[in-house]
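Here's the letter readout for the chains.
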Amino acid sequence: MHNHIAFLSEWGNNALDFSKRPGSTTLPTTHFIVCAIIIGKADVPCVLPVLEAVSKRYFNGGQIDSEKISNDHIKRKQILEDLEELPFQIFSVIVDKRQLIGEGLRYKGSFFKFLHGLADRELFRIFPDLEMVTGQIQDETFMKGFVSYVQQNHIANLFNESSFGFIAAQDSLVVQTAGLIAGTLARCYDETVITDQRADFIEVLKRKVVTIRFWPDAFEHNLISRPQPGPSFDPLLSRLSVNLANDFLHRKSADRAPQAIDQVSTLSYLLFHFRHIDPVRYITSFELMEHIRARKGKNVSLHYFQTKVIAPLRDAGVLIASSSRGYKLPASEQDLYDFVSHSNTIIEPMLSRVKRFRDQVHIASDGKIDVLAAEEYKVIRKVIDF
């Protein structure tokens, strides 16, 4: 059963020649962006009235259009703030076309084929039960080929009338809003329209982002606000954190087990905030659990989150620091010490209790019972007897 609907839009052109030509008035965009607004089916009715109000307030009842706002950054931020409390999530793929040289992707056809596979893999990894709606399909667009790609790579009835729609953009307020957000992301990353206000836009959008997949996945290139090296930010350690996180995401991208999906979703959220919001900031358990709830449509317990999401990520080699403030990828030595210190407040009292328990039983049984004698407890025994 399809529980979510993805409303898709795109931004940018497919031009791959970045040389300046005399008399040229249109520059090729440096990036190509695919954006989807993901909404639970049950939430669609409450989203539409708000979008109608946005259309009336900012566009005189007409089409919600990023280009109509253009460089009016105050208005753009106001619109994003009006959308902030709506129950939707943002998925996006952002490709730096300038990095395609030498990758066998110099031509429009191969470029779009690459994008189709990337968008399909990332989107359906997070939302395997998905219906999709896009704007009216035109020739020479990403969406035209994407439809065919998904038809060939997913279940035969995915594109039946009830699960895929082609709706002219002017008739779908949600598709228009996806276009608005794609245009906003362009102003955060594309060199032809980038703005100094991009940090403000990302700050508003951050709670709505389920994932932004960048290609190529270069850490330094994608930082909105690059911290200076110092006690709170170690570039070497930060790269290690990002690389280990990405390694897990690549290995687990095709895993359809519910717990693996929650792990990937949580780690993607931590990674996005680390790279695009603030690498120093901790994220609370509640915020991360709410992120899982928004995607799954149901709550998860703190015990589940700690034992089935965070613990397996750490067991798999992902560096996740924690403190009383929450969780984050470590960016400094202090983050590492925060994790060790936080763990020590849990481990040391527990070991003390186990030792007291063992000693009391051992004494009461005249040395006949040692609750730590079994081979499976040898590590605890060594620590206590040290």
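Anything mentioned here points back to the structure above.
The rules we used
Residues numbered from 1 in each chain as written. Predicted model: local features only at pLDDT ≥ 70, side-chain atom pairs only at ≥ 80, totals over all residues. Heavy atoms only, no water. Helix = DSSP H or I, 4+ residues; strand = E, 2+ residues; numbered from the N terminus. Buried < 20%, exposed > 50% of the residue type's maximum accessible area, 1.4 Å probe, protein only. Contact = heavy atoms within 4.5 Å. Areas by Shrake-Rupley, 256 points an atom, 1.4 Å probe, with all protein chains shown as cover. Expected span 1.5 Å × (residues − 1). Axes fitted to C-alpha atoms, helices over the stretch in contact; angles between N-to-C directions. Parallel < 35°, antiparallel > 145°, perpendicular 65-115°, else oblique. Nonpolar A, V, L, I, M, F, W, Y, C, P; charged D, E, K, R; others polar. Salt bridge = Lys/Arg side-chain N within 4 Å of Asp/Glu carboxyl O. Left-handed = near helix turned anticlockwise from the far one by under 90°. Phe/Tyr/Trp six-rings, centres within 6.5 Å; stacked < 30°, edge-to-face > 60°. Lys NZ or Arg CZ within 6 Å of the ring centre and 35° of its normal. Core = buried A, V, L, I, M, F, W, Y, C linked by side-chain atoms within 4.5 Å. Patch = residues over 30% accessible without salt bridge, like charges linked within 9 Å, V, L, I, M, F, W, Y side chains within 5 Å. Pairing = 2+ DSSP bridges.

Peer 1: Can you lay out the overall build of the chain for me, pointing to particular residues and giving the numbers?
Peer 2: Secondary structure assignment for the chain yields 13 helices and 8 strands. Buried residues in the chain amount to 47% of all 386 residues. When contacts within the chain are restricted to residue pairs at least 6 apart in sequence, long-range pairs at least 24 apart make up 72% of them. Here the chain displays about 19400 Å² of accessible surface, and carbon together with sulfur accounts for 53% of that area.

Peer 1: Which residues make up helix H10 (residues 285-296), and what values do they have?
Peer 2: The terminal C-alpha atoms of H10 lie 16 Å apart, and with 12 residues this matches the ideal 16 Å at 1.5 Å per residue to within 8%. Looking only at H10, the buried set comprises Ser285, Glu287, Leu288, Met289, His291, Ile292 and Arg295.

Peer 1: Describe in detail the packing of helix H3 (residues 73-83) against helix H7 (residues 198-205), supporting the description with residues and values.
Peer 2: Packing of H3 against H7 brings their axes to within 9 Å, and their N-to-C directions diverge by 10 degrees. The angle between the axes of H3 and H7 places the two elements in the roughly parallel class. Residues His73, Arg76, Lys77, Leu80 and Glu81 of H3 form the contact with H7, whose participating residues are Asp200, Phe201, Val204 and Leu205. In terms of residue class, the contact of H3 with H7 is built from 4 nonpolar, 1 polar and 4 charged.

Peer 1: Go over the pattern of salt bridges with me, naming the residues and quoting the values.
Peer 2: Per the counting criterion, the structure on display carries 17 salt bridges. Between Arg57 and Asp82 there is a salt bridge, with its nearest N and O atoms 3.2 Å apart. Pair noted here: Arg57 is in helix H1 (residues 44-59) and Asp82 is in helix H3, with a separation of 25 residues, a long-range link. Residue class for Arg57 comes out exposed when judged on its relative accessible area of 58%.

Peer 1: How would you summarise the packing of helix H6 (residues 173-189) against H7 if you had to cite specific residues and measurements?
Peer 2: Helix-helix packing: each pair is described by the crossing angle between the helix axes and the interaxial distance. Two elements in contact, H6 and H7, have axes separated by 8 Å at closest approach and are oriented at 135 degrees. For the element pair H6 / H7, the angle class is oblique. In terms of crossing hand, the pair formed by H6 and H7 is left-handed. Here H6 contributes Thr184, Leu185, Arg187, Cys188 and Tyr189 to the contact with H7, which in turn contributes Arg198, Phe201, Ile202 and Leu205.

Peer 1: Tell me about the packing of aromatic side chains, residues and numbers included.
Peer 2: By the definition in use, this model includes 2 aromatic pairs. An angle of 70 degrees between the planes, with centres 5.1 Å apart, marks the rings of Tyr189 and Phe214 as edge-to-face. With Tyr189 in helix H6 and Phe214 in strand S6 (residues 209-215), this residue pair connects regions lying 25 residues apart in the sequence. For Phe214, a relative accessible area of 5% puts it in the buried group. Taken together, a centroid distance of 5.7 Å and an interplanar angle of 75 degrees make the contact between Phe305 and Tyr327 edge-to-face. Of this pair, Phe305 sits in helix H11 (residues 302-315) while Tyr327 sits in strand S8 (residues 326-328); the two residues are 22 residues apart in sequence, bridging distant segments of the chain. Taking the relative accessible area as the measure of exposure, Phe305 reaches 0% and is therefore buried. Over the ring of Phe88 we find Lys208, and its NZ or CZ is 4.7 Å from the ring centre. One cation-aromatic arrangement involves Lys328 over Tyr282; the distance from NZ or CZ to the ring centre is 5.8 Å.

Peer 1: Describe the nonpolar core, naming the residues involved and giving the relevant values.
Peer 2: The nonpolar side chains of a soluble globular protein tend to be buried, and buried together. Counting 43 residues, the largest nonpolar core has Ile39, Ile79, Leu83, Phe88 and Leu185 as its most contacted members. Secondary structure elements with two or more residues in this core: strand S1 (4-11), strand S2 (31-40), H1, H3, strand S3 (88-96), H6, H7 and S6. Top contributing element to this core by residue count: H6, with 11 residues. If near-sequence neighbours (up to four positions away) are discounted, Leu83 is found in contact with Leu51, Val54, Phe88, Thr177, Leu180 and Lys208. Ranked by size, the runner-up nonpolar core spans 28 residues in total, among them Leu8, Phe91, Phe127 and Leu130.

Peer 1: Account for the side chain of His73, naming residues and giving values.
Peer 2: Residue placement: His73 occurs in helix H3. For His73, the contacting residues outside a window of four places in its chain are Thr195, Gln197 and Phe201.

Peer 1: Lay out a nonpolar patch on the surface with the relevant residues and their values.
Peer 2: Taken together, the side chains of Ile346, Ile347 and Met350 define a hydrophobic patch exposed on the protein surface, amounting to about 280 Å² of accessible area. Relative to the helices and strands, Ile346 is located in helix H12 (residues 333-364). Take Ile346: its relative accessible area is 42%, and that puts it in the partly exposed class.

Peer 1: So what about the pairing of S2? Which residues, and what values?
Peer 2: Here S2 lies mainly inside the structure; 10 of its 10 residues are buried. Here S2 shows two buried faces, one formed by His31, Ile33, Cys35, Ile37 and Ile39 and the other by Phe32, Val34, Ala36, Ile38 and Gly40. Sheet topology places S1 next to S2; 8 bridges connect them, and they run antiparallel. Along S2, the bridge assignment pairs Ala6 with Ile38.

So yeah, pure geometry; function would need other evidence.
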